[in-house]
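An overview of the molecular structure
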Amino acid sequence: MTRTILAILVAVSIIVISAIIPALAQEAQPALPSGNNCTEGEMIDASTAEQAKAKIEAAGYSDVVITTKGCDNFWHATAVKDGMPGNVVLSPDGMVLPEGN
């Protein structure tokens, strides 16, 4: 009988521990902001940073670092073209343009 009780306690302990560990792991993750700044009706498309980077590189830019994607589906990046670093934007229709000054 003692072994049965011990076996039950071990089984319950394993179940409890297996439920607690994932919860603790989630708490250890950095807190990310919830939601976004998009307004009602703005639809984020499924384009990825990797796709955006490839399109910017195809336009003649190097050292592309994607920084953000806006609610308007424009990708923003830093990149180098003709030896000049700067900011660029990739529009949803695939145009790559210098951004800012």
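With respect to the overall build of the protein chain
- Summing up its helical and strand segments, the protein chain has two helices and four strands in all.
- Listing every helix and strand of the protein chain by position from the N terminus yields α-α-β-β-β-β.
- Within the protein chain, the fraction of its 101 residues that count as buried is 17%.
- Accessible surface computed for the protein chain: about 7,800 Å², of which carbon and sulfur atoms make up 62%.

A short note on the pattern of salt bridges
- Using the criterion set out here, one finds one salt bridge in the structure.
- With a closest N to O distance of 2.5 Å, D45 and K69 form a salt bridge. Residue D45 is found in the loop between α1 (2-28) and α2 (49-58), and its partner K69 is found in strand β1 (residues 62-69); the two are separated by 24 residues along the sequence.
- A residue is classified by how much of its surface remains accessible, and D45, at 31% relative accessible area, is partly exposed.

Describing the nonpolar core
- Grouped together as the largest cluster of nonpolar side chains are ten residues: A52, I56, Y61, V64, W75, A77, A79, V88, L90 and V96.
- Contributions of two or more residues to this core are made by α2, β2 (75-81) and β3 (84-90).
- Tallying contributions element by element places β2 first for this core, with three residues.

A word on unusual backbone geometry
- In this model, D63 sits at a positive phi of 50°, which is unusual for a non-glycine residue.
- Tracing the chain through its elements places D63 in strand β1.

Considering the environment of A79
- Relative to the elements of secondary structure, A79 occurs in strand β2.
- Sequence spacing of A79 and V64 is 15 residues, and the spatial spacing of their C-alpha atoms is 4.4 Å.
- Discounting chain neighbours no more than four positions away, the residues touching A79 are Y61, S62, D63, V64, M84, P85, G86 and V88.

Let's talk about the sheet that holds β1
- Ordered in space as β1-β2-β3-β4, the four strands form an open sheet in which the pairing is antiparallel. The strands lining the two open edges of the sheet, one partner per strand, are β1 and β4 (96-99). Direction aside, neighbouring strands of the sheet carry axes that sit 35° apart on average.
- Here β2 runs beside β3; their pairing, made up of seven bridges, is antiparallel.

A word on the pairing of β3
- Here β2 folds back onto β3 in antiparallel fashion, the turn holding two residues, of which D82 has a positive phi close to 55°.
- As paired elements, β3 and β4 share four bridges and run antiparallel to each other. Note that in β4 the partner of N87 across the bridge is E99.
- Hairpin remark: β3 followed by β4, antiparallel, with five residues in the connecting loop; positive phi at G94, about 95°.

Criteria and cut-off values
- Residues numbered from 1 in each chain as written.
- Predicted model: local features only at pLDDT ≥ 70, side-chain atom pairs only at ≥ 80, totals over all residues.
- Heavy atoms only, no water.
- Helix = DSSP H or I, 4+ residues; strand = E, 2+ residues; numbered from the N terminus.
- Buried < 20%, exposed > 50% of the residue type's maximum accessible area, 1.4 Å probe, protein only.
- Areas by Shrake-Rupley, 256 points an atom, 1.4 Å probe, with all protein chains shown as cover.
- Salt bridge = Lys/Arg side-chain N within 4 Å of Asp/Glu carboxyl O.
- Core = buried A, V, L, I, M, F, W, Y, C linked by side-chain atoms within 4.5 Å.
- Contact = heavy atoms within 4.5 Å.
- Pairing = 2+ DSSP bridges.
- Axes fitted to C-alpha atoms, helices over the stretch in contact; angles between N-to-C directions.

Keep in mind that these numbers describe shape and distance, not what the molecule does.
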